[in-house]
Amino acid sequence: MEKRPTAFSYTHNILFSVWLCLAAASSCASADLTLNFYSASCPSAELMVRSTVRSASNMDPTVPGKLLRLLFHDCFVEGCDASVLLQGNGTERSDPANQSLGGFSVIDSAKRLLEIFCPGTVSCADIVALAARDAVEITGGPVVQIPTGRRDGKVSSASNVRPNIVDTSFTMDEMIKLFSSKGLSLDDLVTLSGAHTIGAAHCSAFSDRFQEDSKGNFTLIDSSLDNGYAEELMKQCPAGANPSITVKNDPRTSFVFDNQYYRNLLAHTGLFQSDSILFTDRRSRKQVEHFAEDQFGFFESWVQSFLKLTSIHVKTGDEGEIRAFCPTANA
């Protein structure tokens, strides 16, 4: 039976994360973002987002993984400004690379609740960041005290998506270059890849690790993948499989935010090529091995890297707007 987070683990993680934030106060806020930004204008804002995320996650355990992935796709394109939520032809959301994103209904639910009690106050960008933060907590990971005050962007272009998100077939150099362009280091790359400890992926995301023969059968062509695990993947995703089929990122503790992802890499059971390369590349191997042995160390690094992720090119002050409805820019 899969281990689920316990009350003790939540309490321990809360105390741990508060200590981390106090120990590195400069990392707990970035330019124009502040802790408890809504303390006067909407004191219960974070509580309302957390309650919405927890309720949705109780009904559907895949929600946390979807919310965490949604944050990555938002922040890496145009910065953390909720531009990924905007609907319409030619928007980020319409790009094929974002068609498999989920969690939008959870963000919309939180926004509707906030608009009732604090109209025109809490940005969709902050909701996305807070929801991803809460998704990690709910699944047993550390609680990150993140600053708020982000504003919503007005620009959302599909043409900006592909050049700014990681493709699962990326080489190490390509990933390092992309992360560096966002102000993230190699350590951040390895740490934030740990998000794959929860969530799921469509078969097409790792199909490049196999080759289909003339009879429609797959054979493994990626030597970095464990043969037994490859057989399981081919059973779950046979040739001609329904495009809607998904496979869990972490086959062992799929709904728990822990360090099992790194243990999987050591066992050559990383789902994506971009996962496996973290262990095979000498530049990142030691950090993978460290996190596989030390969950505390992974959580400590996660807090710092997550703060950096949620601060990428944020809009504050007079920039952007506070949307009334997350899928649509204000008139």
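Since this is a predicted model, take the numbers as computed values, not measurements.

### Some points on the state of the cysteines
Summed over the entire model, instances satisfying the criterion amount to 4 disulfides. Linked covalently through their sulfurs, Cys-42 and Cys-118 form a disulfide whose S-S length is 2.1 Å. Judged by the sign of its S-S torsion, about 75 degrees, the bond between Cys-42 and Cys-118 is right-handed. Taken together, the positions of Cys-42 in the loop between α1 (7-23) and α2 (45-59) and Cys-118 in the loop between α4 (104-117) and α5 (124-138) put the pair 76 residues apart, joining distant regions of the chain. Of the two residues examined, Cys-42 and Cys-118, each falls in the buried class. Sulfur-sulfur distance for the disulfide between Cys-203 and Cys-237 comes to 2.0 Å. Here the disulfide of Cys-203 and Cys-237 is left-handed, its torsion about the S-S bond being about -75 degrees.

### Let's talk about the UniProt feature "binding site: Ca(2+) 2" (unreviewed entry) in the protein
Per the UniProt annotation, the sites labelled "binding site: Ca(2+) 2" (unreviewed entry) are Thr-197, Asp-250, Thr-253 and Asp-258. On the basis of their most widely separated C-alpha atoms, the annotated residues across 62 residues gather in one place, lying no more than 10.1 Å apart. For Thr-197, a relative accessible area of 0% translates into the label buried. Setting aside chain neighbours within four positions, we find Thr-197 in contact with Asp-250, Thr-253, Ser-254, Val-256, Phe-257, Asp-258, Gln-260 and Tyr-261.

### Remarks on the pattern of salt bridges
Applying the stated criterion to the full structure yields 15 salt bridges. Across the pair Asp-188 and Lys-308 runs a salt bridge whose closest N-O atoms are separated by 2.5 Å. Of this pair, Asp-188 sits in helix α7 (residues 186-192) while Lys-308 sits in helix α12 (residues 295-309), and the two are 120 residues apart along the sequence. A residue is classified by how much of its surface remains accessible, and Asp-188, at 5% relative accessible area, is buried.

### As for the UniProt feature "active site" (unreviewed entry) in the protein
With numbering aligned to this structure, UniProt lists the feature "active site" (unreviewed entry) at His-73. With respect to the helices and strands, His-73 occurs in helix α3 (residues 63-75). Relative accessible area serves as the criterion here: at 11%, His-73 is assigned to the buried category. Not counting residues within four places of it along the chain, the set of residues in contact with His-73 comprises Val-84, Glu-92, Ala-97, Asn-98, Leu-101 and Ile-165.

### Digging into the packing of aromatic side chains
For the coordinates displayed, the defined rule picks out 14 aromatic pairs. The interplanar angle of 65 degrees and the centroid separation of 4.9 Å between the aromatic rings of Phe-257 and Trp-302 together place this pair among those described as edge-to-face. Note that Phe-257 is positioned in the loop between β4 (246-248) and α9 (260-266) and Trp-302 in helix α12, a separation of 45 residues in sequence. The two residues Phe-257 and Trp-302 agree in class, both being buried. Taking the centre distance of 4.9 Å and the plane angle of 80 degrees together, the rings of Tyr-261 and Tyr-262 count as edge-to-face.

### So, helix α6 (residues 172-181)
At 3.6 residues per turn, the α-helix brings residues three or four places apart onto the same side. If you check which residues of α6 are buried, you get Met-172, Met-175, Leu-178 and Phe-179. Buried residues of α6, seen end-on, are gathered within an arc of 135 degrees and therefore sit on one face of the element. Of the surrounding secondary structure, the elements contacted by the buried residues of α6 are α7, α10 (273-280) and α11 (282-293). Positive backbone phi, approximately 80 degrees, marks Gly-183, located one or two places after α6.

### Focus: the environment of Arg-252
Within the fold, Arg-252 resides in the loop between β4 and α9. Residues Arg-252 and Asp-74 lie 178 residues apart in sequence; the distance between their C-alpha atoms is 28 Å.

### Some words on the packing of α4 against α5
The geometry of α4 relative to α5 is characterised by a closest axis approach of 10 Å and an angle of 125 degrees between their N-to-C directions. Here α4 lies oblique to α5, going by the angle between them. Crossing handedness for the pair α4 and α5: right-handed. Only Cys-124, Ile-127, Val-128 and Ala-131 of α5 make contact with α4, whose side of the interface consists of Ile-107, Ala-110, Lys-111 and Leu-114. When the residues that make up the contact of α4 with α5 are grouped by side-chain class, the tally is 7 nonpolar, no polar and 1 charged.

### Here we look at the nonpolar core
Counting residues in hydrophobic clusters, the biggest one holds 76 residues, and the most contacted among them are Leu-68, Leu-85 and Trp-302. Per element, the largest residue contribution to this core is 11 residues, and it comes from α5. Leave out the neighbours within four places in its chain, and Trp-302 touches Leu-68, Val-136, Pro-142, Val-144, Thr-191, Leu-192, Gly-194, Ala-195 and Phe-257. Ala-205, Phe-206, Met-234 and Phe-272 belong to the second-largest nonpolar core, a separate cluster that totals 14 residues.

Criteria and thresholds
- Residues numbered from 1 in each chain as written.
- Predicted model: local features only at pLDDT ≥ 70, side-chain atom pairs only at ≥ 80, totals over all residues.
- Heavy atoms only, no water.
- Disulfide = S-S within 2.5 Å.
- Helix = DSSP H or I, 4+ residues; strand = E, 2+ residues; numbered from the N terminus.
- Buried < 20%, exposed > 50% of the residue type's maximum accessible area, 1.4 Å probe, protein only.
- UniProt positions renumbered as here; feature names shortened; annotations may be inferred.
- Contact = heavy atoms within 4.5 Å.
- Salt bridge = Lys/Arg side-chain N within 4 Å of Asp/Glu carboxyl O.
- Phe/Tyr/Trp six-rings, centres within 6.5 Å; stacked < 30°, edge-to-face > 60°.
- Arc of directions from axis to C-beta.
- Axes fitted to C-alpha atoms, helices over the stretch in contact; angles between N-to-C directions.
- Parallel < 35°, antiparallel > 145°, perpendicular 65-115°, else oblique.
- Left-handed = near helix turned anticlockwise from the far one by under 90°.
- Nonpolar A, V, L, I, M, F, W, Y, C, P; charged D, E, K, R; others polar.
- Core = buried A, V, L, I, M, F, W, Y, C linked by side-chain atoms within 4.5 Å.

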